[in-house]
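Coordinates in review
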Amino acid sequence: MPQLVSQQPPPADYYATNLRLLLTEVSDRYHDLLEDADHRFVSAFLSASIPAQRLFARLLSRRGPWIRVDSLDYPEVGETEPALEALRAAGLVAVDPDAPADVLLNLLTRPELNKLYPGVRARTKPEFINGCVARYTDSAIRRRLQRRIHWVCVDAFGSFNVCRLLYFGDERQDLSTFVVQDLGILRYEPYEIGPSTRSFDFRAQLDGYLQLRGLALLGRRVDAFPGLASQLLLALWFEPDTRAEQRERNRILLRIARWHERRGEFDEAMACYARATAHPARERRVRILKRLGDGCGAEKLISQIAAQPWGAEEEDFARRHDPKRLGRKRLGRKRLGRPQNRSGPRLTVCQLSGRVPAGIEDHAQRLLTANVGAGWHLENQFSLGLAGLLYWDEIYAPVKGAFTHRFQLGPRDLFWPDFAPARQPLLQARTEMLSAPGAVARRLRQVWAAKAGTANRLVSWQAFSPQLVAALERQVPAQALLRLAERVITNLHRLRTGFPDLLMIYGAGAYEFVEVKGPGDQLQPAQRVWLRELDELGLPNRVLNLQR
């Protein structure tokens, strides 16, 4: 397979080879999910001439869907016209198809437009195009354009998108993923890709997901077409078949709900929020209920959130809006004239002299290690990295829908709420193994030695240095590290952010996690959640407030 070399042009067959790989693997693994048109598309490309394949791969990388033919100049293709004609004959592209006149006019430069329509006067190119469209019909504009330029459109883009979705698992990745891999920017973990990890078991599931993606595009147009909102809600009334469908459905429902809420249409907003199963649906419902004067309904929903929060934001919201807690605070102020004592993070206040340092966390680290010890400014890189190293194999286990191609930094569901439940027996078994004396230190050393440099969404190799691993092994109790890592890996969806800024180690068994706040800076919801988690785990922590 041709490889990329930094600062050098790609090999002649590079892009076509990557596309052949994608289509071949999809045809082999998802043959039963492809429709006749998709099979014809794959067959037509694979049987095309090499120059035609190279040109088609280049077309897919261009911003389209309509592209000027005279802009297609690629050395590896050779003569463009024969390759383009081969693609047209194979049904892969269309040459000079009907297209919106304004889009075609936008393919021309301003000087070209002036020559084409010398009678049109305008200051800017968009104004010029609008003037042309207002004066002439689309068909007349296309006929005049064809005397000067030709354009091409990928005719099988729908089938290509299906193949791309099946290969990458989502529509947000494209062929540029191969470039990142082949330049050596990332090295990926080898993991199982097979029937057990497929995202879709039958075509109806795939079609359902594609339909949701189409609805998502429509959801972005409700401002221009308000009638879409009610139709979208009706279309979303079905129960999703897969976890991927549920996530897409939630995104659309939340978008429409916020649109209704901004317009003051609270009944419609509540209906959308009630169908969603992701944050901030329940928080918005509470706020609407309070706005409408339904305090009892709001308190009941807050209790439900507190019992089973969907994430750190919900957990913190429920805690701050707990009616009983708020009642105690109000009562304290009324009777005593001052707030009652309440639990909170351990706080240390230090006075700053002069200007506030640019790197407030590094300044705090120097203050704390002035006499003894060492510190690391890692934030979430520590908590996530520790979990990533200790539970490496479980993260890359062959779980349904987790891995669809070989260029993933981790499973697709890594931060989904059901990540841990889908791997519960595996995670429990690993935790039991790590509970043995010396197991945590051995695991950290072994995984670091075997996997250093391998891409993992949880692990920053620059942050998790050998020096840090050695310091943890010597001076931080193994059971403390295990409790922390287990809490993270089983709650990634709610503990992804907010971990304290600094890890400080002052000696054997003497360590703490420190959140640093400068003048005027406040704790964020995720940070408050993490400080409470550390208290529950019995791990030393505090907030260091640097004030002027």
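Our subject is the structure listed above.
So, here is what we can say about the structure in this document. (Residues numbered from 1 in each chain as written. Predicted model: local features only at pLDDT ≥ 70, side-chain atom pairs only at ≥ 80, totals over all residues. Heavy atoms only, no water.)

1. Structural notes on the sheet that holds strand β1 (residues 66-68)
What the three strands build is an open sheet, ordered β1-β3-β2; its pairing is antiparallel. Because the sheet does not close on itself, it has two edges, and the strands there are β1 and β2 (93-95). Ignoring strand direction, the axes of neighbouring strands in this sheet form an average angle of 30°. Pairing geometry for β1 and strand β3 (residues 151-154), over three bridges, is antiparallel. Its bridge partner being in β3, Trp66 is matched across the sheet by Cys153. Across the sheet, helix α4 (residues 80-89) touches β2 and β3, and the angle it forms with β2 is around 115°. (Pairing = 2+ DSSP bridges. Helix = DSSP H or I, 4+ residues; strand = E, 2+ residues; numbered from the N terminus. Axes fitted to C-alpha atoms, helices over the stretch in contact; angles between N-to-C directions. Contact = heavy atoms within 4.5 Å.)

2. Looking at the layout of surface pockets
The calculated volume of the largest pocket comes to roughly 1,200 Å³. Looking at the largest pocket, it is lined by 40 residues, and the ones nearest its centre are Arg247, Arg251, Arg412, Phe415 and Trp416. Every element with two or more residues in the lining of the largest pocket is listed here: α10 (176-182) and α13 (243-262). If you tally residues by element for the lining of the largest pocket, the top one is α13, at eight residues. (1 Å grid on protein atoms, 1.4 Å probe; cavity = no way out; pocket = protein on both sides within 12 Å on 5 of 7 lines; lining within 4 Å. Points joined across faces, edges and corners; volume = space filled by probe spheres on them.)

3. Considering the environment of Gly373
Tracing the chain through its elements places Gly373 in the loop between α19 (360-368) and β6 (374-377). With relative accessibility at 39%, the residue Gly373 sits in the partly exposed group. Measuring from C-alpha to C-alpha, the distance between Gly373 and Ala510 comes to 9.2 Å, with 137 residues separating the pair along the chain. Beyond its immediate sequence surroundings of up to four residues, Gly373 is in contact with Ile505 and Tyr506. (Buried < 20%, exposed > 50% of the residue type's maximum accessible area, 1.4 Å probe, protein only.)

4. Regarding the packing of helix α20 (residues 380-390) against helix α25 (residues 478-489)
One can describe the packing of α20 onto α25 by two numbers: an axis separation of 8 Å at closest approach and a directional angle of 95°. As summarised for this structure, α20 and α25 are arranged roughly perpendicular, according to the angle between their axes. Between α20 and α25, the contacting residues are Phe382, Ser383, Leu384, Leu386, Ala387 and Leu390 on the first element and Leu481, Leu484, Ala485, Val488 and Ile489 on the second. Classifying every residue of the contact of α20 with α25 gives 10 nonpolar, one polar and no charged. (Parallel < 35°, antiparallel > 145°, perpendicular 65-115°, else oblique. Nonpolar A, V, L, I, M, F, W, Y, C, P; charged D, E, K, R; others polar.)

5. A look at the pattern of salt bridges
Scanning the model with the defined rule gives 38 salt bridges in all. For Glu261, the salt bridge identified is with Arg284, shortest N-O distance 2.4 Å. Residue Glu261 is found in helix α13, and its partner Arg284 is found in helix α15 (residues 281-291); the two are separated by 23 residues along the sequence. Take Glu261 and Arg284: they sit in the same class, and that class is buried. Connected through shared salt-bridge partners, Glu315, Arg487, Arg494, Glu533 and Glu536 make up one network. (Salt bridge = Lys/Arg side-chain N within 4 Å of Asp/Glu carboxyl O.)

6. Things to note about the sheet that holds strand β8 (residues 502-507)
The strand order β5-β10-β9-β8-β6 describes an open sheet built from five strands, whose pairing is mixed. The open sheet terminates on both sides in strands that have one partner only, identified here as β5 (347-351) and β6. Within the sheet, the average angular offset between the axes of one strand and its neighbour, ignoring direction, is 25°. Looking at chain direction, strand β9 (residues 510-517) and strand β10 (residues 541-547) are connected through five bridges and run parallel. Looking at the pairing, Glu515 lines up with Val543 of β10.

7. Thoughts on the packing of aromatic side chains
Considering all chains together, one arrives at 19 aromatic pairs under this definition. Centroid distance Phe45 to Phe56: 5.8 Å. Interplanar angle 45°. Geometry classified as tilted. Here Phe45 is found in helix α2 (residues 36-46), whereas its partner Phe56 is found in helix α3 (residues 50-61), with 11 residues between them in sequence. The class of Phe45 is buried, set by a relative accessible area of 0%. Taking 6.1 Å as the distance between ring centres and 35° as the angle between the ring planes, the aromatic pair formed by Phe382 and Phe499 counts as tilted. Of this pair, Phe382 sits in helix α20 while Phe499 is found in the loop between α25 and β8, placing the two residues 117 residues apart along the sequence. Looking at Phe499, the relative accessible area reads 3%, which means it is buried. (Phe/Tyr/Trp six-rings, centres within 6.5 Å; stacked < 30°, edge-to-face > 60°.)

8. Notes on unusual backbone geometry
Residues His279 and Pro280 are joined by a peptide bond in cis, for which omega reads 10°. Locating Pro280 in the fold gives a position in the loop between α14 (266-275) and α15. The backbone of Asp96 sits at a positive phi, close to 55°, despite the residue not being glycine. Inspection of the secondary structure puts Asp96 in the loop between β2 and α5 (101-105). The backbone of Glu379 shows a phi angle near 55°, a positive value even though the residue is not glycine. Looking at the element boundaries, Glu379 is found in the loop between β6 and α20.

9. Regarding the environment of Glu25
For Glu25, the position within the fold is in helix α1 (residues 14-29). Note on Glu25: relative accessible area 25%, which makes it partly exposed. For the pair Glu25 and Leu166, spaced 141 residues apart in sequence, the C-alpha separation works out to 9.7 Å. Aside from chain neighbours lying at most four places away, what touches Glu25 is Tyr30 and Tyr167.

10. Quick look at the nonpolar core
Generally speaking, nonpolar side chains in soluble globular proteins are found buried as a group. In this structure, Phe382, Leu386, Leu458, Leu484, Ile489, Leu492 and Phe513 are the most contacted members of the largest nonpolar core, which totals 57 residues. The element that contributes the greatest number of residues to this core is α25, accounting for seven residues. Apart from the residues lying within four places of it in its own chain, the contact partners of Leu492 are Leu384, Leu414, Phe415, Phe419 and Leu458. (Core = buried A, V, L, I, M, F, W, Y, C linked by side-chain atoms within 4.5 Å.)

11. Quick look at helix α7 (residues 125-135)
Buried within α7 are the following residues: Phe128, Ile129 and Cys132. Projected down its long axis, α7 carries its buried residues within an arc of 95°, all on one side. In α7, the exposed positions angled more than 90 degrees off the buried face are occupied by Pro126, Asn130 and Ala134. Of the surrounding elements, those touching the buried residues of α7 are α5, α6 (110-116) and α8 (138-146). (Arc of directions from axis to C-beta.)

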